[in-house]
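# Observations on the three-dimensional arrangement
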Amino acid sequence: MPRVSEQYLASRRAEILSAAARLFSANGFHATSMADVINESGLSAGAVYRYFRGKDELIAAVAEEGLTAADEAFTELLSEDAVPSPQQALAALIRAINDRMTPHPLIGVDVTRIGVQVWAEALRSPELAGRANEVYRRLRGHFAEVARRRQAAGYLPADAVPEQVGAAMLSLAQGFILQRLLVDDTDADGYLAGVTALLSPVSQPLTSAPAPKTRP
């Protein structure tokens, strides 16, 4: 028999991921069974199980596809020893979320909807908790590298801990994901304008603050 090409295998895997992502996004994890995924994909059970042993593996694989866009954004941002500002780093990730994940070009659905479900599922599934820990440590590490470079260039205090700065920056990106899904007037431009205003240094107060009252 002729050998199956890598392209064929990748295409079949993408079909299964796309089918699973459509169901997860529409119905949630608990309401989606492997039988549902098999039926949605149009493939045989054997073909699906060849790539994924169960639903948790499918969930993790869909989430990983979303992370690829974030990794690519940071690869571009940190190329050639660049020293991006925190605002630039957050803008790169939020633009990647907005432009490359909603919908994802390979999977065809908004993978942030699935990502938020993963956060909840990780509280009950040790396997998903471990994978989520790896994913968000990876993202936090990207932001920590931004902080490390800013610190080396003299833009952050010498006693700042890059990993702590990275954690705070990651929380702003996660906040955008939640607000975009739950608050109907949230958009990338407006959110980034707020981030820029928050993080922009001000050398002196822009208005005179009232003097604090003192006790007699």
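Keep in mind that what you see is a predicted model, and the values were worked out from it rather than measured.

All right, on to the overall build of the protein then. Within the protein, the regular secondary structure consists of 9 helices and 0 strands. The helix and strand sequence of the protein, counted from the amino end, reads α-α-α-α-α-α-α-α-α. In terms of overall dimensions, the protein is more spread out than a globule: its C-alpha atoms have a radius of gyration of 21 Å, far above the 17 Å expected for 216 residues. When the backbone C-alpha atoms are referred to their principal axes, the protein occupies close to 85 × 45 × 30 Å.

Here the amide bond leading from Thr 102 into Pro 103 is cis, since omega sits at 10°, within 30 degrees of zero. Checked against the element boundaries, Pro 103 lands in the loop between helix H5 (86-100) and helix H6 (111-121). In this model, Asp 81 sits at a positive phi of 55°, which is unusual for a non-glycine residue. One can find Asp 81 in the loop between helix H4 (55-77) and H5. Classification of Asp 81 as exposed rests on a relative accessible area of 69%.

With respect to the helices, strands and loops of the structure, Glu 121 is situated in helix H6. Non-local contacts of Glu 121, meaning those with residues more than four positions away in its chain, are made with Phe 29, His 30 and Leu 128.

What counts as what
- For every chain, the first residue of the written sequence is number 1, and numbering continues from 1 along that sequence.
- Predicted model: local features are reported for residues with pLDDT of at least 70 only, side-chain atom pairs are reported and counted for 80 or more only, and whole-chain, interface and lining totals are derived from all residues.
- Only hydrogens and water are set aside when side-chain values are computed; all heavy atoms of the structure are taken into account.
- Each helix is a run of DSSP H or I of at least 4 residues and each strand a run of E of at least 2, with the numbering of both proceeding from the N terminus.
- For a compact globule the rule gives 2.2 Å times the number of residues to the power 0.38, and the radius of gyration it is set against comes from C-alpha atoms.
- Think of it in three bands: with a 1.4 Å probe and only protein chains considered, a residue is buried below 20% of the maximum accessible area for its type, exposed above 50%, and partly exposed in between.
- Note on contacts: a residue pair is in contact if any heavy atoms of the two residues lie within 4.5 Å.

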